[in-house]
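Next come the chains, spelled out residue by residue.
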Amino acid sequence: MKYESQRIAKPYFVFAMMLFAGQILFGLLMGLQYINGDVGFPYIPFNAARMVHTNLLIVWMLFGFMGASYFLVPEEAETELYSPLLAKITFWVFVVAGVATILGYLLVPYAELARITKNELFPTMGREFLEQPTITKIGIVLVCLSFVFNIGMTILRGRKTVINMVLITGLIGLAVFYLFSFYNPDSLTLDKYFWWFVVHLWVEGVWELILGALLAFVLIKVTGVDREHIEKWLYVIIAMALISGLIGMGHHYFWVGPPKYWLWMGSFFSALEPVPFFMMVVFAFKMVKERRREHNNKIATTWAKGTAVMAFLGAGVWGFLHTLAPLTTTRMDHNLLLHTVT
Ligand SMILES: [Fe+2]
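This write-up is about the structure you can find in this document. These numbers come from a predicted model, not from an experiment. (Residues numbered from 1 in each chain as written. Predicted model: local features only at pLDDT ≥ 70, side-chain atom pairs only at ≥ 80, totals over all residues. Heavy atoms only, no water.)

1. Considerations on the overall build of the protein chain
- Looking only at helices and strands, the protein chain features 13 helices and zero strands.
- Its C-alpha atoms give the protein chain a radius of gyration of 20 Å, near enough to 20 Å, the size a compact globule of 342 residues would have.
- Expressed as a percentage of the 342 residues in the protein chain, the buried residues total 54%.
- Excluding contacts between residues fewer than 6 apart, the proportion of contacts in the protein chain whose partners are at least 24 apart in sequence is 77%.
- Roughly 16,200 Å² of accessible area belongs to the protein chain as shown, and the carbon and sulfur atoms make up 73% of that amount.
- Of the side chains in the protein chain, 25 bear a positive and 21 a negative charge, and the two mean positions are spaced by 6 Å. (Helix = DSSP H or I, 4+ residues; strand = E, 2+ residues; numbered from the N terminus. Rg over C-alpha atoms; globule rule 2.2 N^0.38 Å. Buried < 20%, exposed > 50% of the residue type's maximum accessible area, 1.4 Å probe, protein only. Contact = heavy atoms within 4.5 Å. Areas by Shrake-Rupley, 256 points an atom, 1.4 Å probe, with all protein chains shown as cover. Lys, Arg positive; Asp, Glu negative; His and termini not counted. Charge placed at Lys NZ, Arg CZ, Asp CG, Glu CD.)

2. Thoughts on the pattern of salt bridges
- Counted according to the given criterion, the structure contains 11 salt bridges.
- With its nearest N and O atoms 2.9 Å apart, the salt bridge here joins E112 to R115. With a gap of three residues between them, E112 and R115 both fall in helix α4 (residues 110–116), about one helical turn apart.
- We classify R115 as exposed; its relative accessible area is 52%.
- With its nearest N and O atoms 2.7 Å apart, the salt bridge here joins K286 to E290.
- Its relative accessible area of 32% is what places K286 among the partly exposed residues.
- Residue class for E290 comes out partly exposed when judged on its relative accessible area of 35%.
- Residues participating in the shared-partner salt-bridge network are R291, E294 and K298. (Salt bridge = Lys/Arg side-chain N within 4 Å of Asp/Glu carboxyl O.)

So this is what it looks like as structure tokens:
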């Protein structure tokens, strides 16, 4: 660690791990409920456990991305973070909003939560992964804005590396696409159409940019391979991720009302989606093999390789298995399965 303000990453990582533990706990509970439907009855019904489980996943990932960015960007930009204080405030606002929302899911029936939070004034609740009360959604937007502002200002006054640029592009995309969670039309087709703008464009678009940037940063640190070499890989990987991921959105448009051409577009471009993930695996293993030094931090090296492999298996192979139009006619919930995994 070179800069004092990088320390702000720590509470983000700690809290992310706590939420991750919660996600696993509620996942196990749901597993038990599949075996015996009375487990947890009547205190934690399946629908509440599922909401908590999936929302915890999204929120711990956001905490992880934020912590990683606060750690990575000052070092890449070679300057202290623009405002460590703002990063601390953002952390606590996000913690309070997150915990209150999870408690809301657990302590009151969902309809009651909608009533308490005045959902009728600006209805956005009731959709998978976007179950958060409108007031929480507004909180998430404010947190993301302050986060992107802080990171953006740091990059602006420091060194503008490829890694920083790819990362901030991903983070801006993350903030922008979340805005579609506020668009809640009556038409179910329109609703589904734009709902995927958050879910798919997050997991198969901007999250890959963020993952690519984090991976490239770690690989430079642990292998000592030339930055230029790493950057070339990063460019090709994110180009492939965007080409396949953006139009690959079609794999969610097969049977929800959009035009038929999505059948072949979605199938074709989804079939390409494992490519950038496979490239990440090759990238990580090749860079480690060509390393110029033995770094003490073996865990970071293992993380870099392991993350690439797991992302390839989960998002690449598993995702590919259920995204061809001819295969999905009989299975209505493939999208859910895909995104629960990825
Ligand atoms: Fe998708």
